[in-house]
Amino acid sequence: KMFVGQELTGKTLGVIGLGHIGSRVVGAALSLGMKVVGFDPALSLEAAWRLPGDQMTRAKNIEELYKASDYISLHVPYIKDKTHHLINAEALAMCKPGVSICNFARGEIVDGAALRSAYENGTMTGKYVSDFADKDLMGHPQHLVLPHLGASTAEAEENSAAMAADQIIDFLQTGSIRNSVNFPDARLEPKEADSYRLCIVNENNPGVLGTITTFLGEEGINIDQQINLSRGNVAYTVIDLEKLPSDPEGLQNKLGKVEGILSSRFIGFPFHTEIGRPGTFYHVSWYQEV
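Thresholds applied
- Residues numbered from 1 in each chain as written.
- Predicted model: local features only at pLDDT ≥ 70, side-chain atom pairs only at ≥ 80, totals over all residues.
- Heavy atoms only, no water.
- Helix = DSSP H or I, 4+ residues; strand = E, 2+ residues; numbered from the N terminus.
- Buried < 20%, exposed > 50% of the residue type's maximum accessible area, 1.4 Å probe, protein only.
- Contact = heavy atoms within 4.5 Å.
- Salt bridge = Lys/Arg side-chain N within 4 Å of Asp/Glu carboxyl O.

(A) View of the environment of P184. The residue P184 is located in the loop between α6 (154-174) and β8 (196-203) in this model. By relative accessible area, which is 4% here, P184 ends up buried. Note: C-alpha distance between P184 and G232 (48 residues apart in sequence) is 8.6 Å. Leave out the neighbours within four places in its chain, and P184 touches I177, L229, S230, R231, V234 and Y236.

(B) Representation of the pattern of salt bridges. A full pass over the atoms with the stated rule returns seven salt bridges. Note that R197 is salt-bridged to D240, the shortest N-O span being 2.6 Å. You can see R197 sitting in strand β8 and its partner D240 sitting in strand β10 (residues 234-241), a full 43 residues away along the chain. The two residues R197 and D240 agree in class, both being buried. Between E219 and K254 there is a salt bridge, and its shortest N-O distance comes to 3.6 Å. Taken as a pair, E219 in the loop between α7 (208-218) and β9 (223-231) and K254 in helix α8 (residues 248-256) lie far apart in primary sequence, 35 residues in all. Accessibility expressed as a relative area gives 34% for E219, which makes it partly exposed.

Just distances and angles here, no functional claims.
Now the structure itself:
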């Protein structure tokens, strides 16, 4: 009787974070006959395409997921002011009493003290399964700790290194940002050989984008196309220019004085033009002010 459990078929799994790993967990749960509710406020278009949207439910808010789930699986990065103690006393009060929580993301996402209190006063009866030890839950029978072995294979080490190198190359050549924990996800197409791209990091405040385009217009620069993406208080603006400015460095110095601009970087045709040399024409406004 010690090992009697529950059937997974028909139970509801709440998946918080629907990126590369979260989307695979969704698929595995569906194959086991589970119902799946997902939540991810920063879901990228690429990640959305990976999801079986006709077989799962996307929660309108995280509270909806808490209330519906028999199991909760966490797949979000640790961001101090965003996901720290995402599972806290308030969240637990919304969950079903028997909910079990699987956390293989980061230990700080779960408030161990709040969870222990809920276990000891009888309001929570499920299990907490994690590969991170928690000082507040050490020795508690409802806390199951597994080894942290997610990338401990030769293949995983090699794949992680290759992925990191590919993403850095992509950033240097196109300005693309992938899998960042504090920047928006930006998947950019390669530029034409004779085109020039200006990548700007700016504060995510009303009016800053308009100020940037107005500034460039006043400098006589025509914009071919642009994108503006944001995450929290940071925005990433990428502008393809019709032609190379006559004084790129001077333009950046002026742009750096515009309120709300944090940094800028030109991307040219690597190794074929002066502006395309790696490490050139990178301007950090806050650094210049120190």
